[in-house]
Amino acid sequence: METGNTTQEMRPPEGVLSASLSEGAPTLLIKTQDGLRRIFPWIHFINGDYENLNEIERITLHYSSHEVCMEGVRLEPLFERIAKFSVEWIKANDKRLMARCPQGSPFIEKISISEKNNIQPSSE
């Protein structure tokens, strides 16, 4: 009994990617355009926001000590995967590479990470 060619179905999309999906990923690795690499454990994730600003979409992730803001296009499905802790890494790419992104895949052109200012050291 022949089941068909599944190799092609399992192959990751070719081209410029902005995210890797993985069920139950313990952390989120963030790669900014300027070369910064940060790891944020999902256990410290508080909540997130999605905004459709017409020409650009924005996702903001709130962690206990930082905020991660990403901007791009086709981000709503990525936001839904974030809600399931199913994103392993995200990466910002130069806007000129958008045409090389697989059709329907999210494209992130900007990621900013900021520390929250209201963190107070514990007094013991």
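Every chain's residues receive numbers from 1 upward, in the order its sequence appears when written. Local features in this predicted model are restricted to residues of pLDDT 70 or higher, and side-chain atom pairs are both shown and tallied only at a pLDDT of 80 or more, whereas totals for entire chains, interfaces and linings draw on every residue. Values reported for side chains reflect all heavy atoms of the structure, with hydrogen atoms and water molecules removed beforehand.

The subject of this paragraph is the overall build of the chain. Along the chain, the regular secondary structure elements total two helices and eight strands. Out of the 124 residues belonging to the chain, those deemed buried represent 32%. Residue contacts follow a heavy-atom distance rule, with two residues in contact if any of their heavy atoms lie within 4.5 Å. Across the chain, every contact between residues at least 6 apart in sequence was considered, and the portion connecting residues at least 24 apart equals 58%. The way it works is that DSSP assigns letters per residue, a run of H or I at least four long becomes a helix, a run of E at least two long becomes a strand, and they are numbered from the N terminus. Categorising residues by exposure relies on relative accessible area from a 1.4 Å probe, with only protein chains included: less than 20% of the type maximum marks a residue as buried, more than 50% marks it as exposed, and the intermediate range marks it as partly exposed.

Turning next to the sheet that holds strand 4 (residues 45-52). Two strands are said to pair when DSSP picks up at least two bridges between them. Across the sheet, four strands lie side by side as 4-5-6-8; this open sheet has antiparallel pairing. Two strands close off the open sheet at either side, each with one partner strand: strand 4 and strand 8 (107-115). Across the sheet, the axes of successive neighbouring strands diverge by a mean angle of 15°, strand direction being ignored. Summarising the sheet, strand 4 and strand 5 (residues 57-63) pair through seven bridges and their orientation is antiparallel. Residue pairing in the sheet places Phe-45 in a bridge with Tyr-63 of strand 5. Between the N-to-C directions of two axes lies an angle of 0 to 180 degrees, each axis being a line fitted to C-alpha atoms and, for a helix, fitted only over the stretch in contact.

Side chains Leu-28 and Ile-30 of strand 2 (residues 27-31) all project onto a buried face; the interleaved residues Thr-27, Leu-29 and Lys-31 project onto a face where none is buried. Sheet topology places strand 2 next to strand 3 (residues 37-41); five bridges connect them, and they run antiparallel. Looking across to strand 3, one finds that Thr-27 is bridged to Pro-41. Hairpin connection from strand 2 to strand 3: five residues lie between these consecutive antiparallel strands, with Gly-35 at a positive phi of about 95°. As judged from the three bridges shared by strand 2 and strand 7 (residues 87-91), these two strands associate in the parallel manner. What sits directly across from Ile-30, in strand 7, is Ile-90.

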